[in-house]
Amino acid sequence: MHINLKGRSLLTLADFTAAEIRYLLDLSARLKADKKAGRFNKRLQNKNIALIFEKPSTRTRCAFVVACYDEGAHPEYLGKSDIQIGKKETVADTARVLGRMFDGIQFRGFEHRTVEGLAAHAGVPVWNGLTDTFHPTQVLADYLTVIEAFGSLDGITIAYVGDGRNNMANSLMVIASKLGVDFRIVTPKSLQPNPTIHQRCMGFAAESGAKLTVTDHVDEGVKGAHVLYTDVWASMGEEDQIPERIALLKPYQINEQMFQKTGVADAIFLHCLPAFHNHETVLAQQFPEICEVTDEVFEGPRSRVFDEAENRMHTIKAVMVATLNPPSH
């Protein structure tokens, strides 16, 4: 099947078919192998990429910048104090200006409608580097990491344990439902996913054969899981809710005992990062029980978090190449 994504935006993987998602994962693996072998084809030569950041970032910013340079493009970082988006200038007007100057636009910020507005008016591909609702480039990296660990997605079960309403839970549910994966969200009843997003994913699952489970029972949720995934208990902007989240989510901390409950000897640990796994950060010193994963797991042999972080670069590179200058098949 010939896949052509040229000119497409990536706002959420809900807009992509299973074949298109698999194509992006396959292309990511090819581009990763090329980089490891020292092959740089400069498929984005003379392209200019705008990187809009309302929220700060380590992995997203660095992944886009390195991916741009690897493929011959020029990235331009635009922080929230560098442009007038949403303040003195509308999202639509900003999009129309940037679309005249740049070949592609990355947005990382708060409201999902902002990235939707950019895509509606820019006239060039727009990529969601994270919004409060979805984080599609992250889950592409996650799934590339799972494929590298297990060889394929066949028969793989993934359990996300933690805050079931955040952008990671949403995005993991979307990609699992598209690709036919057995996926569980293990979370307290008060933090279960948005019903609208859940129902949409159930529709995708009916087509793909995916199995989606939402449960507050840890033992049931992690049994048979090949992957345990978590995220911070309070997302950016929710710091005032940390004490409440600790009380709710402490039983959902990922530790070696939870891995024993999976019954899967080679089960792995994933996290989108940054992670609270010890007490070496200011926030963890202020809230000692905030750790969503133990240091034993995070630093142990099950952890693939730094493979996963590196894969942000390869999958983001694939998204840009596929939507700006796709390679010949």
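As a reminder, the structure under discussion sits directly above these lines.
Report follows, based on the coordinates. (Residues numbered from 1 in each chain as written. Predicted model: local features only at pLDDT ≥ 70, side-chain atom pairs only at ≥ 80, totals over all residues. Heavy atoms only, no water.)

## Thoughts on the nonpolar core
Next, step 1: One finds Leu13, Leu140, Tyr143, Phe183 and Met320 to be the most contacted residues of the largest nonpolar core, which totals 62 residues.
Next, step 2: In this structure, phenylalanine 183 is in contact with Ile158, Tyr160, Ala169, Leu172, Met173, Ala176, Lys211, Leu212 and Thr213, ignoring residues within four places of it in sequence.
Next, step 3: Counting residues in hydrophobic clusters, the runner-up holds 33 residues, among them Val161, Val218, Ala267 and Val297. (Core = buried A, V, L, I, M, F, W, Y, C linked by side-chain atoms within 4.5 Å. Buried < 20%, exposed > 50% of the residue type's maximum accessible area, 1.4 Å probe, protein only. Contact = heavy atoms within 4.5 Å.)

## A short note on the sheet that holds strand β7 (residues 211-215)
Next, step 1: Read from one edge of the open sheet, five strands run β7-β6-β5-β8-β9, paired in parallel fashion. Looking at strand neighbours, the two that pair on one side only are β7 and β9 (268-271), the edges of this open sheet. For this sheet, the mean inter-axis angle between neighbouring strands, taken without regard to orientation, is 20 degrees.
Next, step 2: Of the strands in this sheet, β5 (157-161), β8 (227-230) and β9 are in contact with helix α5 (residues 136-150), which crosses β9 at around 165 degrees. (Pairing = 2+ DSSP bridges. Helix = DSSP H or I, 4+ residues; strand = E, 2+ residues; numbered from the N terminus. Axes fitted to C-alpha atoms, helices over the stretch in contact; angles between N-to-C directions.)

## Quick notes on the pairing of strand β1 (residues 48-53)
Next, step 1: The element β1 is largely enclosed, with a buried count of five among its six residues.
Next, step 2: This β-α-β element, β1 to helix α2 (residues 59-70) to strand β2 (residues 74-79), shows right-handed connectivity.
Next, step 3: Of the strand pairs in this sheet, β1 and strand β3 (residues 104-108) are connected by five bridges, and their pairing is parallel. Considered in β3, the bridge of isoleucine 49 is made with glycine 104. (Right-handed = clockwise from strand over helix to strand, strands pointing away.)

## Description of the sheet that holds β1
Next, step 1: Pairing in this open sheet of four strands is parallel, and the strands run β2-β1-β3-β4 from one edge to the other. At either margin of the open sheet sits one strand with a lone partner, and together these are β2 and β4 (126-130). Shown here is a sheet whose adjacent strand axes are inclined to one another by a mean of 20 degrees, direction ignored.
Next, step 2: With six bridges joining them, β1 and β2 adopt parallel strand pairing. Each residue of the ladder has a partner; that of alanine 50, found in β2, is glutamate 76.
Next, step 3: Against the sheet, helix α4 (residues 112-122) contacts β1, β3 and β4, and its axis sits at roughly 165 degrees relative to β4.

## Remarks on the packing of aromatic side chains
Next, step 1: On inspection of all chains with the given rule, the structure shows four aromatic pairs.
Next, step 2: Here phenylalanine 64 and tryptophan 127 contribute two aromatic rings whose centre-to-centre distance is 6.2 Å and whose plane-to-plane angle is 25 degrees, an arrangement assigned as stacked. In this pair, phenylalanine 64 sits in helix α2 while tryptophan 127 sits in strand β4, placing the two residues 63 residues apart along the sequence. For the pair phenylalanine 64 and tryptophan 127, one class covers both residues: buried.
Next, step 3: Taking the centre distance of 6.1 Å and the plane angle of 40 degrees together, the rings of tyrosine 160 and tyrosine 229 count as tilted. One end of the pair, tyrosine 160, is in strand β5; the other, tyrosine 229, is in strand β8, and 69 residues separate them in sequence.
Next, step 4: Judged by relative accessible area, which is 1%, tyrosine 229 ranks as buried.
Next, step 5: Against the face of phenylalanine 16 rests arginine 8, its NZ or CZ located 4.3 Å from the ring centre.
Next, step 6: One cation-aromatic arrangement involves arginine 61 over tyrosine 77; the distance from NZ or CZ to the ring centre is 3.7 Å. (Phe/Tyr/Trp six-rings, centres within 6.5 Å; stacked < 30°, edge-to-face > 60°. Lys NZ or Arg CZ within 6 Å of the ring centre and 35° of its normal.)

## Things to note about the pattern of salt bridges
Next, step 1: For the coordinates displayed, the defined rule picks out 16 salt bridges.
Next, step 2: Salt-bridge contacts for glutamate 148 lead to lysine 32; the nearest nitrogen and oxygen are separated by 2.8 Å. On the criterion of sequence distance, the pair formed by glutamate 148 in helix α5 and lysine 32 in helix α1 (residues 18-36) is long-range, its members being 116 residues apart.
Next, step 3: Relative accessible area serves as the criterion here: at 41%, glutamate 148 is assigned to the partly exposed category.
Next, step 4: According to the relative accessible area criterion, lysine 32 is buried, its value standing at 14%.
Next, step 5: One salt bridge connects aspartate 163 with arginine 165, and the closest N-O pair in it is separated by 3.1 Å.
Next, step 6: Judged by relative accessible area, aspartate 163 falls into the buried class, the value being 0%.
Next, step 7: Members of the salt-bridge network, linked through shared partners, are Lys35, Asp70 and Lys317. (Salt bridge = Lys/Arg side-chain N within 4 Å of Asp/Glu carboxyl O.)

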